[in-house]
Amino acid sequence: MTEKTNWLRKQLTIIFASGLFYFAMSVPFIDFLRLSETTEVRPYCVLPFLLSLVYGFPGALGTAIGNIFSDMYYGGMDYKIYILGFSFQLIYGYGGAMLWKYLRRRDQNLFRMDTVKKLSQYLILVLGDSLLISVMVWWTLNRFYNLPFYGIGFVSTFLNHIIYFVLLGIPFLIGYSAHIQKNELRRQNRLHTYIFSINEKFILFLVLLASITGVIIGFFAFVFFRAYDIYDSTLLWGYVFLISGSAIYICLSVAGASAPALCGKVRRFTAGKNGPHR
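First things first, this report covers the structure right here in the doc. Fair warning: this is a prediction, and the values are worked out from it, not measured in the lab.

About the cut-offs
Residues numbered from 1 in each chain as written. Predicted model: local features only at pLDDT ≥ 70, side-chain atom pairs only at ≥ 80, totals over all residues. Heavy atoms only, no water. Salt bridge = Lys/Arg side-chain N within 4 Å of Asp/Glu carboxyl O. Buried < 20%, exposed > 50% of the residue type's maximum accessible area, 1.4 Å probe, protein only. Axes fitted to C-alpha atoms, helices over the stretch in contact; angles between N-to-C directions. Helix = DSSP H or I, 4+ residues; strand = E, 2+ residues; numbered from the N terminus. Parallel < 35°, antiparallel > 145°, perpendicular 65-115°, else oblique. Left-handed = near helix turned anticlockwise from the far one by under 90°. Contact = heavy atoms within 4.5 Å. Nonpolar A, V, L, I, M, F, W, Y, C, P; charged D, E, K, R; others polar. 1 Å grid on protein atoms, 1.4 Å probe; cavity = no way out; pocket = protein on both sides within 12 Å on 5 of 7 lines; lining within 4 Å. Points joined across faces, edges and corners; volume = space filled by probe spheres on them. Phe/Tyr/Trp six-rings, centres within 6.5 Å; stacked < 30°, edge-to-face > 60°. Patch = residues over 30% accessible without salt bridge, like charges linked within 9 Å, V, L, I, M, F, W, Y side chains within 5 Å. Areas by Shrake-Rupley, 256 points an atom, 1.4 Å probe, with all protein chains shown as cover. Core = buried A, V, L, I, M, F, W, Y, C linked by side-chain atoms within 4.5 Å.

Under the defined criterion, the tally for this structure stands at four salt bridges. A salt bridge links Asp 107 to Arg 104; the shortest N-O distance between them is 2.6 Å. By relative accessible area, which is 6% here, Arg 104 ends up buried. The shortest N-O distance in the salt bridge between Asp 114 and Lys 118 comes to 2.8 Å.

With that settled, the discussion passes to the packing of helix α2 (residues 47-55) against helix α6 (residues 152-187). Where α2 contacts α6, the axes come no closer than 11 Å and their chain directions differ by 15°. On the basis of their axis angle, the class for α2 and α6 is roughly parallel. In terms of crossing hand, the pair formed by α2 and α6 is right-handed. Contacts between α2 and α6 involve Phe 49, Leu 50, Leu 53 and Val 54 from the first element and Phe 165, Gly 169, Phe 172, Leu 173 and Tyr 176 from the second. Within the contact of α2 with α6, the residues separate by chemical class into eight nonpolar, one polar and no charged.

Our next topic: the layout of surface pockets. Here the largest pocket is characterised by a volume of approximately 540 Å³. Forming the boundary of the largest pocket are 30 residues, of which Thr 38, Asp 71, Met 77, Val 137 and Leu 141 lie nearest the centre. Among the elements of the structure, α3 (57-74), α4 (79-103), α5 (116-145) and α6 are those that each provide at least two residues to the lining of the largest pocket. Split into classes, the residues belonging to the lining of the largest pocket amount to 14 nonpolar, 11 polar and five charged.

Pairs of aromatic rings are described using the distance from one ring centre to the other and the angle between the two planes. Counted according to the given criterion, the structure contains 13 aromatic pairs. On the numbers, 5.6 Å between centres and 50° between planes, the contact of Phe 49 with Phe 165 is tilted. With a gap of 116 residues between them, Phe 49 in helix α2 and Phe 165 in helix α6 connect regions that are remote in the sequence. Both residues of the pair, Phe 49 and Phe 165, count as buried. Seen from their ring centres, Phe 57 and Tyr 94 are 5.3 Å apart, and the 85° between their planes marks the pair as edge-to-face. Of this pair, Phe 57 sits in helix α3 while Tyr 94 is found in helix α4, placing the two residues 37 residues apart along the sequence. Note on Phe 57: relative accessible area 39%, which makes it partly exposed. Here the aromatic cluster, defined as three or more aromatic residues joined through ring pairs, consists of Phe 49, Trp 100, Tyr 122 and Phe 165.

Taken together, the side chains of Leu 208, Ile 212, Ile 216, Phe 219, Phe 220 and Val 223 present a nonpolar region at the surface, about 590 Å² in accessible area. With respect to the helices and strands, Ile 216 occurs in helix α7 (residues 198-227).

Turning to the nonpolar core, a few remarks are in order. Core analysis: the largest hydrophobic core is formed by 41 residues, its most contacted members being Phe 49, Leu 53, Trp 100, Met 113, Tyr 122, Ile 170 and Leu 252. Ranked by residue count, the leading element in this core is α6, at 11 residues. Those residues in contact with Met 113 that sit more than four places away from it in its chain are Trp 100, Lys 118, Leu 119, Tyr 122, Leu 173, Ile 174, Glu 200 and Ile 203. Among the nonpolar cores identified, the runner-up in size contains seven residues, and Tyr 22, Ile 30, Leu 47 and Leu 51 belong to it.

Now for the environment of Thr 39. In this structure, Thr 39 sits in the loop between α1 (2-32) and α2. For the pair Thr 39 and Asn 160, spaced 121 residues apart in the sequence, the C-alpha separation amounts to 9.6 Å. Excluding residues that lie within four positions of it along the chain, Thr 39 makes contacts with Arg 34, Tyr 74, Thr 157 and Asn 160.

As far as function goes, none of this settles anything; it's purely spatial.
This is the structure in structure tokens:
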């Protein structure tokens, strides 16, 4: 009985903490970085997926509940929107996490992003997940508020998710993988073993390079559109997200395609410099 009680207490704690964290993260962006009456800059959109990977269904349920309070804080919505938003969070957060777990079903560490194949699978999953949530959100807004289903708002939502799934999601996966490995090595008293592979370091470098490139291009796009008196925030940021997100994905795709050859050269260089391993 005590074991079941402890298990239930742990699950409820995860749900409460995940929901509170999601809501707390959403408030500053709703208050200060709102793009329109329907959307804002949403780096926290990656939380349902990541917390579902770490904590399973309780993490997904917590973020879905947190999204209800976030929508209430937003204000001016029908109660049906709260219910649908709750469902959407579970579908794209928990559903995406389950798909990633299926793809990594033969891996001991499902967070490890150490091959170009895993990076490619993640980018494709992100594209599909972002498209899914954008379709669900804008179908709902079209159904209840007669907003156009496809337009710059749809593009903003789509690219909002894509950008932060890359900028925040990939570093989190690699970092959490290192956390898992470090705990395992500590149990084995092998604290001086290298945790990051060359591939993981290279993928992090690619993400950083693509992020910097995307931010720079997005900044110049922002300046350009403001110079042409495009002051509608939804339209302006929709174009900025489109250009910046496209730049990030193009950089990652091109760099990812060349990564195997580059990593091979780095390994040969390192092996030649350090001598044969014994």
